[in-house]
Amino acid sequence: MESAPGPAGSPSAASTSLASLAELSDRLEGTKSRLHLLRLVGDFLRELPAADRPVAARLLVGQPFPEGDPRRLDVSGATLWRAVCEVAAPAAPEALWSQVSDFGQAVDRLLAEAGRGPGAPGLGLQEVARTFEAMAAQHGRGARRERERLLARMLARASPSEGKFLAKCVLGDMRHGVNQGMLLEAIARAAGVAPEAIRRAAMVLGDVGEVAHLAFEKGANAFTAVAPRLFHPLQPMLAQMAHTLEEAWNAAPGRLALEFKLDGARVQVHLERDEVRLFSRRLHDVTESLPDIVADVRGSLKTRRALLEGEVVAVDAWGRIRPFQDLLRRYRRMHRVESAQRQVPLRLFLFDLLIEGDELFVDRPYAERWQRLESVHGGIPLVPRCVPQVLAEAEAFWQEALAAGHEGLMLKRLDGRYTPGIRGSGWLKLKRAGGLDLVIVAADYGYGRRHGWLSNYHLAARDEETGEFRPVGKTFRGLTDDEFRRMTARLLAIRRREEGGTVWVDPRVVVEVQYSDIQKSPLYPDGMALRFARIAQIRDDKAPEEADTIQHMRRLFERQAAAPLRP
Ligand code: AMP
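Residues numbered from 1 in each chain as written. Predicted model: local features only at pLDDT ≥ 70, side-chain atom pairs only at ≥ 80, totals over all residues. Heavy atoms only, no water.

Student: Any chance you could break down the overall build of the protein for me, citing the residues and the numbers?
Tutor: A tally of helices and strands in the protein yields 19 helices and 19 strands. Taking 567 residues into account, the globule formula puts the C-alpha radius of gyration at 24 Å, and the protein, at 25 Å, falls close to it. Along the first, second and third principal axes, the C-alpha set of the protein runs to 70 × 70 × 50 Å. Within the protein, contacts between residues separated by at least 24 positions form 71% of all contacts whose residues are at least 6 apart in sequence. Carbon and sulfur atoms make up 49% of the accessible area of the protein, which totals about 25000 Å². Once the 81 positive and 75 negative side-chain charges of the protein are each reduced to a mean point, those two points are 1 Å apart. (Helix = DSSP H or I, 4+ residues; strand = E, 2+ residues; numbered from the N terminus. Rg over C-alpha atoms; globule rule 2.2 N^0.38 Å. Contact = heavy atoms within 4.5 Å. Areas by Shrake-Rupley, 256 points an atom, 1.4 Å probe, with all protein chains shown as cover. Lys, Arg positive; Asp, Glu negative; His and termini not counted. Charge placed at Lys NZ, Arg CZ, Asp CG, Glu CD.)

Encoded structure:
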C-alpha cells in the first residue's frame, strides 16, 4: 500500500513546500483507484502542519481563495501564457499546442525544455498563498501586468511539476482526478467525521479550507454547530430537472408549491441593520453593481437582520420583465453604474429566507420559510407562486408562466429543507424545451465508414457584441447517413479554406444542438465547450444571426457551474 509523502518530506516541517503538493498532484494523476486517491489526499492533509492545511485543501481543488471570498485572481490563459513564455523564453511556443492538451502540460513542457529545476529556496505554500493575495489585490490600470509579473516571479522559481501545479490552480482546472466532492470525502475518512456533515459544512461555510481545519483540529463535534453566517455567502440550493409537470406532480400531489422561474440572476441578500451585501450564484460579491437593489433592501424590508434569496431581473418602464441580455448589461457593469441604472432598471423578486432575526431557517420546511418571508418582504415583491390542489390548477399556472414569457416553473416540496449546494429532489425545475442553436464554421473529413464525408462539425455561437462566430464544441453525432452526404455537399459549396483534413466554411448552416453540459475548456477561445454534443435538427428556418449567443452560453455555463457535491 502506498502512502502520501509528508509535507516537505517531513511531517514536522514548519512550512509545507509547494513541491510536495505538486508531487501529490502528479501521483493523483497517475492513480486510477478512487479509494487510493482518497487515501493519498487524506493521508497528506492529516500530516500537514495545521496552518498549511486550509491552503493545501483549497489549492488541491484549484481554489486560490475560499469560494465565498470576494477576491479573485483574474488571470486568463493568455496572461498565464505570457508569464510562462517570459520565464522559459521558448523558441516556438505555439508549436507546443499540437503535443499537449492543457495549460498544465504546456507549462510543464516549457519549463522542462528551459532546463528548470526547483528554485532555491523552494516555494512554500504560505508564500504561494501570499502571492495569490497580492495578485488579487491589484486593481485598475496596470493591474493585469502586475499580476503577470507576480505570477512570472513564482514560475521563475518553480520546477516543471510545480509550474504545472501553479498553472492549474491559477486557471482553477486541476484535472488530477480529485474534485471538491472527493476532497471532502477524503477529509471525512481521514479525520473520522461523517461525510454528510463535512459536505454540509462545505456548502454552508463556502470554504473547503475551513472544513479541513475543523475536521482535523476540532473533530466531529465542531460540525454540529456549523450554520450559515451573515455576510458569508453559502452555496445555493440547486434544482433537479423535471421532465413533465404531470410526472413531478404525481410524485408529490398536493405537496408542491409552484413558482415562476424568472429569467434573471440569482442573488443572496445579507442584511444587518444598514449593512447590505449581495452575492451572486457563484458567491461573487455583486453589491457595488446593484446599488438600486441595495437601496430597496435597505428601505423596504420589514426586518433588520436577514439572509434572503431571490432573482434579479431587468424590467421596462411598465415593470415588465425584459430579456436576460438586458440584465447582463447591467449586472456585469462595475463602472458607470448610475447611467446603466437609468437605462436598465432592475427588480428583485424574493423566493427564500434562511435567517431572520436570530432564527435560522435552513433546516425548516420550505412552507415555513415562505411564511416568514411573506411576513418580512415588505415592499419587495415575491416571485409569483401558487399551491395547487389539483393537477389542472398546476397546468393552468404553467401555461400562465409560459404565456408571460418566463423560463418555466420551479416546483418546490412544501416540506423540503434548504440543502445548500445540493441538487436534491426538494426543488425541481421545469423549463420550456430547447437546446442551443449553433452555426457550423468548419468540418473534418471522417474515417472508416464516413470516409469522404465531412462528418465532424465545428460548432460556434454568435458573439452579440462583435457578430463573430466563436467555436464552442464539435460533434459527429446526430445525422443520418443521408444527411451526412447532403451536408458534405452543402458545406463544400461554401468552403473558405482547407487545412489538414478540416474544411472551413462560411458560417451559414444553423443546427440545433443537444448536449449534456457545458464544461470549462482552455482549448476554446471563450474557455468553455459543449460536452456530448449531438445535432438534434438542421435549422434551415434560422439565419446565423438568430443563432444562440456566446453570452447566452456563458450564462448557462455560470448557472450550471456550482456542481452538486455528490461523491
Ligand atoms: P438552472 O439555472 O436552470 O439550474 O435553474 C435554477 C435557477 O433558476 C436558480 O439558480 C435561480 O437563479 C433561477 N430561478 C428563477 N426563479 C426561481 C425561483 N422561483 N426559485 C428558485 N430559483 C429561481
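We are not done yet, so read on.
Student: Any details on the packing of helix 2 (residues 34-47) against helix 3 (residues 53-60)? Residues and values, ideally.
Tutor: Interaxial distance between helix 2 and helix 3 falls to 9 Å at its minimum, and their mutual angle equals 155°. Compared by their axis directions, helix 2 and helix 3 come out roughly antiparallel. Classified by chirality, the crossing of helix 3 by helix 2 is right-handed. On helix 3, the residues touching Val41, Phe44, Leu45 and Arg46 of helix 2 are Arg53, Ala56, Ala57 and Leu60. Considering only residue class, the contact of helix 2 with helix 3 consists of six nonpolar, no polar and two charged. (Axes fitted to C-alpha atoms, helices over the stretch in contact; angles between N-to-C directions. Parallel < 35°, antiparallel > 145°, perpendicular 65-115°, else oblique. Left-handed = near helix turned anticlockwise from the far one by under 90°. Nonpolar A, V, L, I, M, F, W, Y, C, P; charged D, E, K, R; others polar.)

Student: So what about the nonpolar core? Which residues, and what values?
Tutor: Counting residues in hydrophobic clusters, the biggest one holds 78 residues, and the most contacted among them are Leu45, Phe132, Leu183 and Phe223. Ignoring anything within four residues of it in the chain, the contact list for leucine 183 reads Val41, Leu45, Ala57, Leu60, Val61, Val178 and Val208. Counting 66 residues, the second largest nonpolar core, distinct from the first, contains Ala252, Leu271, Phe397 and Leu428. (Core = buried A, V, L, I, M, F, W, Y, C linked by side-chain atoms within 4.5 Å. Buried < 20%, exposed > 50% of the residue type's maximum accessible area, 1.4 Å probe, protein only.)

Student: I'd like a description of the site of the ligand, backed by residues and values.
Tutor: Residues in contact with the ligand amount to 15 residues; listed here are only the nearest, Glu259, Glu311, Lys412, Lys429 and Lys431. Taking phenylalanine 260, its main chain carries an N or O atom lying 3.1 Å from a nitrogen atom of the ligand. Between the ligand and arginine 266, the relevant distance is 2.9 Å, taken from an oxygen atom to a side-chain nitrogen or oxygen of the residue. Out of a free accessible area of 490 Å², the ligand has 97% covered by protein chains. Those elements that provide at least two residues to the shell around the ligand are strand 2 (256-261), strand 9 (408-413) and strand 10 (423-431). Along the lines of polarity and charge, the residues of the shell around the ligand split into six nonpolar, no polar and nine charged. (Near = heavy atom within 4 Å. Polar contact = N/O pair within 3.5 Å; in protein donor to acceptor, adjacent residues only side chain to side chain.)

Student: Give a detailed account of empty space enclosed by the protein, specifying residues and quantitative values.
Tutor: In the structure shown here, the tally under the stated rule is one cavity of 30 Å³ or more. Estimated volume of the largest cavity: approximately 50 Å³. Considering the residues around the largest cavity, the lining is formed by Asp102, Phe103, Gly104, Ala167, Lys168, Leu171, Asp173, Arg175 and Pro522. It is helix 8 (residues 160-171) that contributes the most residues to the lining of the largest cavity, three residues altogether. (1 Å grid on protein atoms, 1.4 Å probe; cavity = no way out; pocket = protein on both sides within 12 Å on 5 of 7 lines; lining within 4 Å. Points joined across faces, edges and corners; volume = space filled by probe spheres on them.)

Student: Break down the packing of helix 6 (residues 125-136) against helix 7 (residues 143-155) for me, citing the residues and quoting the values.
Tutor: Contact pair helix 6 / helix 7: the axes reach a minimum separation of 9 Å and the direction vectors enclose 165°. By the angle between their directions, the pair helix 6 and helix 7 is classed as roughly antiparallel. Regarding helix 6 and helix 7, the two cross each other, and that crossing is left-handed. Between helix 6 and helix 7, the residues in contact are Val128, Thr131, Phe132, Ala134 and Met135 and Arg147, Leu150, Leu151 and Met154, respectively.

Student: Mind laying out unusual backbone geometry, listing which residues take part and the relevant values?
Tutor: Positive phi outside glycine occurs at alanine 89, with the angle close to 40°. Within the secondary structure layout, alanine 89 lies in the loop between helix 4 (77-88) and helix 5 (103-113). The backbone of arginine 175 sits at a positive phi, close to 50°, despite the residue not being glycine. Following the sequence through the fold, arginine 175 ends up in the loop between helix 8 and helix 9 (180-191). Its relative accessible area of 39% is what places arginine 175 among the partly exposed residues.

Student: How would you explain the environment of glutamate 210 if you had to name every residue and give the values?
Tutor: Structurally, the position occupied by glutamate 210 is in helix 11 (residues 208-218). For glutamate 210, a relative accessible area of 26% translates into the label partly exposed. Contact partners of glutamate 210, with chain neighbours within four places excluded, come to Leu205 and Arg229.

Student: Give a detailed account of the sheet that holds strand 2, specifying residues and quantitative values.
Tutor: Within a sheet, adjacent strands bond to each other through the backbone by hydrogen bonds, running parallel or antiparallel. Strands sit in the order 1-10-9-2-8 across an open sheet of five strands; the sheet is mixed. At either margin of the open sheet sits one strand with a lone partner, and together these are strand 1 (238-241) and strand 8 (385-386). Direction of pairing for strand 1 relative to strand 10: parallel, over a ladder of four bridges. Pairing of leucine 238 across the sheet is with arginine 423, part of strand 10. Relative to strand 2, helix 17 (residues 391-403) is tilted by about 10°, and along the sheet it contacts strand 2, strand 8, strand 9 and strand 10. (Pairing = 2+ DSSP bridges.)

Student: Now, about the pattern of salt bridges: what can you tell me, with residues and values included?
Tutor: In this structure the tally under the stated criterion is 46 salt bridges. The salt bridge involving arginine 497 is made with glutamate 499; its shortest N-O contact spans 3.2 Å. Note on glutamate 499: relative accessible area 52%, which makes it exposed. One salt-bridge network, held together by shared partners, links Arg82, Glu86, Arg144, Arg145 and Glu148. (Salt bridge = Lys/Arg side-chain N within 4 Å of Asp/Glu carboxyl O.)

Student: Describe in detail helix 8, supporting the description with residues and values.
Tutor: Given a rise of 1.5 Å per residue, twelve residues ought to cover 16 Å, and the 17 Å separating the end C-alpha atoms of helix 8 matches this to within 8%. Taken across its twelve residues, helix 8 has eleven buried, putting it largely inside the fold. Turning to helix 8, its buried residues number three or more, namely Pro160, Glu162, Gly163, Lys164, Phe165, Leu166, Ala167, Lys168, Cys169, Val170 and Leu171. Where helix 8 ends, the next residue or the one after it, glycine 172, has phi of about 65°, a positive value. (Expected span 1.5 Å × (residues − 1).)

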